[in-house]
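The chain contents come next:
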Amino acid sequence: MEYNFKEIEKKWQKRWLEQHTFSAKQDFTLPKFYGLVEFPYPSGAGLHVGHPRSYTAMDIIARRRRLQGYNVLFPIGWDAFGLPAENYAMANKVHPAPITHKNIDRFRSQLQMLGLSFDWQREINTTDPQYYRWTQWIFIQLFKHGLAYKKEMAVNFCTRCKVVLANEEVVNGVCERCHGPVIRKLQSQWMLAITKYAQRLIDDLDEVDYIDRVKTSQINWIGRSTGAEVRFSTTAGDQLTVYTTRPDTLFGATYMVIAPEHQLIERWKERITNLPKVREYQAMAARKSDFERTEIAKDKTGVELEGVRAINPVTGAEIPIFISDYVLASYGTGAIMAVPGHDTRDYEFAKVFGLPIVEVVAGGDIEKEAFTDISTGTMVNSGFLNGLTVEEAKKEIVKWLVQNGKGEPKVNFKLRDWVFSRQRYWGEPIPMVYCEKCGWVPLPEDQLPLVLPDLDQYEQTDTGESPLARLTDWVNTTCPCCGGPARRETDTMPQWAGSSWYYLRYMDPHNQQQLVSPEAVKYWGPVDWYNGGMEHTTLHLLYSRFWHKFLYDIGVVPTREPYQKRTSQGMILGEDGEKMSKSRGNVINPDEIVDTYGADTMRLYEMFIGDFEKTAPWSSSSIKGCKRFLERTFGLMDILCDGEDYSEDLAMEFHRTIKKVSEDIDAMGFNTAIAAMMALINRIYQKGSVNRAELRTFLLLLNPFAPHITEEMWEICAFGGEISGASWPAYDEALCRADTVEIAVQVNGRVRGRISVGEDTTQQQAIEMAMADPKVAAEVSGKTVVKQIYVKGKIVNIVVR
RNA sequence: GCCGCCAUGGCGAAACAGGCAAACGCAGCAGACUUAAAAUCUGCCUCCCUCGGGAUUGCCGGUUCAAGUCCGGCUGGCGGCACCA
């Protein structure tokens, strides 16, 4: 019989779809498993070979869990709002919806062609009004709880896309998508107060099982630092507050720097004697893109605010105040005390402007560079702090600041509030109305969804407003609060909105009354295992944890965390070892692979390619090995014989392989699980026959990896029902071990012979057997035995001198 | 610059918790089958060698009876953050 993968795969894919074989059961008394993969953005390019790496891995886990008797939820959907469809719409003067639907249809058929056991009855789409109705609902709850607010602020503006970007979308100072220059522009934006959750987003990582690099990245991104706020009096009669992590160096603060945007400048403008120069510097800083601002980081620039000086609270000295763009308005208080002796940036600035550098921590050489080591220094030139270590000095100075009303301890985070507005069409409309009398008013919840109206022009307006602003009939409305005239918000939500809660909707996707029913979320939540790309660690993963925590606070979900476990797959590179890209011409098309080798081979190969967490280059020849393995698997039916129990000479191999494959799937060691099955089939062919019990087990082990061929063989062999309804095979730990095992005998760490030992061989017996070996005896003779080591079942080592 | 990860045959990679380095696969070589090729099957496949052995997991050192694995120092690569006070 020939292995006709095309027919076999078509047949089973059709049957699975028709019979809803993999739909989650509504029985909430069964043990559950919720496996999740990141839903794709349905791009015009179609599926990438990277998608199946993540999807097949979770499919294998989901299929095994079903065989283990779990009620499995393994859903898929479409993160379908986003810029590419909108850009396409703009260029071709068509609505983004039809193109999006076309792309979704293509993606769906591509995923089905891979035999992924998704629950297609729970498919969701973020652009469906029945879905984004709840995205809007969550926004309104955030607003009602003071976590969504409008703020006039300097935002990142991409001059090419003409769109405001979140900090996270600016990469190396340029637009993440188009790489265009990004400048700072003042605009009124909806903001989400994620910073209020910063500490919890760090703390609760303790209760989830995320791979370490994900945890570390999140913690670094949130960027917690501890220090103090210190208030400096000024000669203008007011106060200048700074944030510092080194309050211990206060005696060494010889000048101050405030951000060019700092508000005190406006208050001091009458006193500043060189205001034109200050204005010029402010204008220059505003014009600069973030990229330029960081590019010239080495050359410190700035202007002294002449006419106002600050007073160092401990030394009483009057010190100058500068503005410089090396101080960021958005972090801390937007102002610093500069301690050039012990901060590299302050040191550079002081050198440029000829400012005094005072050593307050001894241990370095401040003639050469700033001394920033906090673990070895001793305080000097610091009055009551002299002689203390840095750590002691920090405690003492904070105590002093509090006692004298000059400051207090303070924790800061790098994490910023989330800029949530986009001046774009293809996103969820923000369900808010502005009334002169009542201010910002949310749409009543019974009026949701606020459906995205149709448009025929998708460019932003000349003033940079959302294209929706053109629809005056839609914009002009009545205030839900007072009934007076009001205007709708025309900005839409960012792409991250729909993906921040989609895992909840899968639990109850057709609920018309609620985002998710309490019963469904109690049963299915939290997601047991979420696999996805490292690139989503700091944005998507953090955003959705934030929304989940908020939903927890308002009683919608019963758990503090959305995802119990998070893992991440490595990237698949092109055959040349470079990242796949159209321009490099090294893109592998999954359709072609499936056409040539079949879905089972493709799945198997992507799992066999290497360590799941590491990047790996594609290899057109290696995939053939996986195809051969499946052909040999199909060929097992030619050497099939009767027998309802493992044959004696293969029993141990079977028990061992079941154990190995079971454990490896749970540890995502897919490559070694496949290797174990390959080794087993080699043994079977060596023996020359396989009995029914053996083939049955072999098919079950292989089923999660290669579902089509195993279903077909199961049916041909009439093992009963369908393999997807069978049970995962059990193994006996005792039968995994051989009665005797051959181990190496070393003399001084070098292998000189080998002996066969059993479970109860003693050290003395092992040494005796070892010494019986002529080579070992020869190495030992005439020398003094210093030590004899026998590690049970592992090794004998005789140390001689 | 800071933080994290990684380095093993010609290639992708294995190696449980410190115990025979290179499982499994690709490529290659030899043989069988074939008129021939493909496919398939069998065997070989880290390097050196005086055929007894010796060397070998990026480099240098350490701990240990024993190190790919643990510790210290370097080199190279990948990822993240990046004037965050």
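Here's a quick rundown of the structure. (Residues numbered from 1 in each chain as written. Chains lettered and ligands numbered in written order. Predicted model: local features only at pLDDT ≥ 70, side-chain atom pairs only at ≥ 80, totals over all residues. Heavy atoms only, no water.)

1. A look at the protein's contact with RNA strand B
So, step 1. Close to RNA strand B lie 48 residues, the nearest being Thr245, Arg345, Ile609, Arg628 and Arg754.
So, step 2. If you look at RNA strand B and keep only atoms within 4 Å of the protein, 63% of those are sugar or phosphate atoms.
So, step 3. Residue Tyr326 places a main-chain N or O atom 2.7 Å away from a sugar or linking oxygen belonging to RNA strand B.
So, step 4. Between RNA strand B and the protein, one listed contact pairs a sugar or linking oxygen with a side-chain N or O atom of Lys414 at 3.5 Å.
So, step 5. For the surface near RNA strand B, the element with the highest residue contribution is helix 22 (residues 670–687), accounting for 5 residues. (Near = heavy atom within 4 Å. Polar contact = N/O pair within 3.5 Å; in protein donor to acceptor, adjacent residues only side chain to side chain. Helix = DSSP H or I, 4+ residues; strand = E, 2+ residues; numbered from the N terminus.)

2. A word on the pattern of salt bridges
So, step 1. The tally for this structure, following the rule as stated, stands at 44 salt bridges.
So, step 2. Across the pair Lys614 and Asp611 runs a salt bridge whose closest N-O atoms are separated by 3.9 Å.
So, step 3. Look at Asp611 and you get partly exposed, because its relative accessible area is 36%.
So, step 4. Here the salt bridges do not stand alone but share partners, grouping Lys11, Arg15, Glu712, Glu715 and Glu722 into one network. (Salt bridge = Lys/Arg side-chain N within 4 Å of Asp/Glu carboxyl O. Buried < 20%, exposed > 50% of the residue type's maximum accessible area, 1.4 Å probe, protein only.)

3. Topic: the side chain of Ser54
So, step 1. As for its position among the elements, Ser54 is in helix 2 (residues 50–67).
So, step 2. Residue classification places Ser54 among the buried residues on the basis of a relative accessible area of 4%.
So, step 3. Within polar-contact distance, the side chain of Ser54 engages the side chain of Asn531 at 3.0 Å.
So, step 4. Dropping the residues within four chain positions of it, Ser54 is found in contact with Val37, Asn531, Gln569 and Phe612. (Contact = heavy atoms within 4.5 Å.)

4. Here's the deal with the packing of helix 7 (residues 212–222) against helix 17 (residues 540–553)
So, step 1. Where helix 7 contacts helix 17, the axes come no closer than 11 Å and their chain directions differ by 75 degrees. Relative to helix 17, the element helix 7 lies roughly perpendicular. Judged by residue contacts, Val214, Gln218, Trp221 and Ile222 of helix 7 engage Leu541, Leu542 and Arg545 from helix 17.
So, step 2. Along the lines of polarity and charge, the residues of the contact of helix 7 with helix 17 split into 5 nonpolar, 1 polar and 1 charged. (Axes fitted to C-alpha atoms, helices over the stretch in contact; angles between N-to-C directions. Parallel < 35°, antiparallel > 145°, perpendicular 65-115°, else oblique. Nonpolar A, V, L, I, M, F, W, Y, C, P; charged D, E, K, R; others polar.)

5. Overview of the sheet that holds strand 24 (residues 485–488)
So, step 1. Read from one edge of the open sheet, 4 strands run 22-21-24-23, paired in antiparallel fashion. What marks the edges here is a single partner per strand, and that holds for strand 22 (439–442) and strand 23 (476–478). Averaged over all pairs of adjacent strands, the angle between strand axes in this sheet comes to 40 degrees, irrespective of strand direction.
So, step 2. Two strands pair when backbone bridges link them, and strand 23 and strand 24 are joined in this way by 3 bridges, in the antiparallel orientation. (Pairing = 2+ DSSP bridges.)

6. Section: the environment of Asp206
So, step 1. Summarising the element assignment, Asp206 is placed in the loop between helix 6 (198–203) and strand 10 (209–210).
So, step 2. Classification of Asp206 by relative accessible area gives exposed; the value is 71%.
So, step 3. Spatially, the C-alpha atoms of Asp206 and Glu742 are 44 Å apart, while their sequence positions differ by 536 residues.

7. Some points on the side chain of Glu9
So, step 1. The residue Glu9 is located in helix 1 (residues 5–19) in this model.
So, step 2. The side chain of Glu9 sits in the buried core without any salt bridge; Arg603 is the nearest counter-charge, 8.1 Å away.
So, step 3. Each residue touching Glu9, except ones within four places of it in the same chain, is listed here: Tyr3, Gly598, Ala599, Asp600 and His708. (Lys, Arg positive; Asp, Glu negative; His and termini not counted.)

8. What about the packing of helix 19 (residues 599–608) against helix 24 (residues 707–716)?
So, step 1. The N-to-C vectors of helix 19 and helix 24 enclose an angle of 125 degrees; their axes lie 7 Å apart at closest approach. One finds that helix 19 runs oblique with respect to helix 24. Here Ala599, Asp600 and Arg603 of helix 19 come into contact with helix 24, specifically with Pro707, His708 and Ile709.
So, step 2. Of the residues belonging to the contact of helix 19 with helix 24, the class tally is 3 nonpolar, 1 polar and 2 charged.

9. Points about the sheet that holds strand 33 (residues 785–791)
So, step 1. Read from one edge of the open sheet, 4 strands run 32-31-34-33, paired in mixed fashion. On the outer flanks of this sheet lie strand 32 (750–758) and strand 33, each paired with one strand and no other. Here the strands of the sheet are splayed against their neighbours by 20 degrees on average, with no regard to which way each runs.
So, step 2. Bridge count between strand 31 (residues 740–747) and strand 32: 8 bridges; the pairing is antiparallel. What sits directly across from Ile743, in strand 32, is Ile755.

10. What to know about the pairing of strand 12 (residues 239–244)
Side-chain direction in a regular strand flips from residue to residue, so the side chains alternate between the two faces of the sheet.
So, step 1. Relative to strand 12, strand 11 (residues 224–234) runs antiparallel, the two sharing 6 bridges. Across the sheet, residue Phe232 finds its bridge partner in strand 12, namely Leu240.
So, step 2. Hairpin connection of strand 11 to strand 12: 4 residues between the antiparallel strands, including Gly237 at a positive phi of 90 degrees.

11. Side note on unusual backbone geometry
If a residue is not glycine, its phi is most likely negative; likewise, a peptide bond is most likely trans.
So, step 1. Residues Leu448 and Pro449 are joined by a peptide bond in cis, for which omega reads 0 degrees.
So, step 2. Inspection of the secondary structure assignment puts Pro449 in the loop between strand 22 and helix 13 (472–475).
So, step 3. Backbone torsion omega between Gly525 and Pro526 reads -15 degrees, so that peptide bond is classified as cis.
So, step 4. By secondary structure assignment, the location of Pro526 is in the loop between helix 16 (518–524) and strand 25 (529–532).

Keep in mind these numbers describe shape, not what the thing actually does.
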